[in-house]
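Given next are the chains, with one letter for each unit.
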Amino acid sequence: MEKYQKIHKLLKDYSDSHPQETVILDGIVTEEYCSDKQYNILFILKESNISDGNSKPGLNECFWFKEVYNAKSAKPATYYGDNLNRVEKSAQTKYFNCITQIVDEIKKDGDIDNNKEIGISYININKNGGGSDCDNIGIKNWLYNSCKRKILSDQIEIIDPAKIIVFSCNNSNPDIQKFAKDLNTEGKVIEKEYHPSRYKKK
């Protein structure tokens, strides 16, 4: 079973046993590059914003960050349609530039051959999603509820990343800071202070 299939099964099993929860699937983005022999980078974010997305088809199988990573800077992802407003287009470009810039920095550090393809994965801490304001209670619940925390741990174990980038590691998110430090037993975690959309374009 491929990694993305294992993650899909993990989250589906959790969703089936918790029918009262909306569970947004996440995980592998570049399936072709995430084999056991590849160099994998995992990005960890707070949650998906689903404040106005409940009527959209396939919500439980979409992951907007994935769409943005796969976009080209000159042609933003079109998951939400072609008629994006200026703010939405700007956010997509910021995400794209932030992520690709981090990958480029890791390559420059000499940990990986510049010509080697890199496996990219993303996971949300709060898999129930949030709104325009961050659901800090939901994030805390996923970090400290033993059942939910095991889902996060199992995802990370399946992905087996060489590097982990954790966003929103600032003083307003002490629980995420602690989570990042708990993960950093082998020195492979990179803490980023802000949400990725806060970073400037290249």
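From a predicted model like this one, the values you see are computed outputs, not experimental measurements.

All right, on to helix 6 (residues 174-183) then. Considered for burial, the residues of helix 6 that qualify are Ile176, Phe179, Ala180 and Leu183. On an axial view of helix 6, the arc spanned by its buried residues comes to 100°, and they lie on one face.

Across the 13 residues of strand 3 (residues 118-130), 12 count as buried, placing the element largely inside the fold. One ladder, built from 2 bridges, connects strand 1 (residues 27-28) with strand 3; its direction is antiparallel. Each bridged residue has a counterpart across the sheet, and for Gly27 the counterpart in strand 3 is Tyr122.

With that out of the way, let us pick up unusual backbone geometry. Of note, Asp160 is a non-glycine position whose phi angle comes to about 55°, a positive value. Within the element layout of this structure, Asp160 appears in the loop between helix 5 (146-159) and strand 4 (163-166). A relative accessible area of 48% places Asp160 in the partly exposed class.

Definitions and cut-offs
Residues numbered from 1 in each chain as written. Predicted model: local features only at pLDDT ≥ 70, side-chain atom pairs only at ≥ 80, totals over all residues. Heavy atoms only, no water. Buried < 20%, exposed > 50% of the residue type's maximum accessible area, 1.4 Å probe, protein only. Helix = DSSP H or I, 4+ residues; strand = E, 2+ residues; numbered from the N terminus. Arc of directions from axis to C-beta. Pairing = 2+ DSSP bridges.

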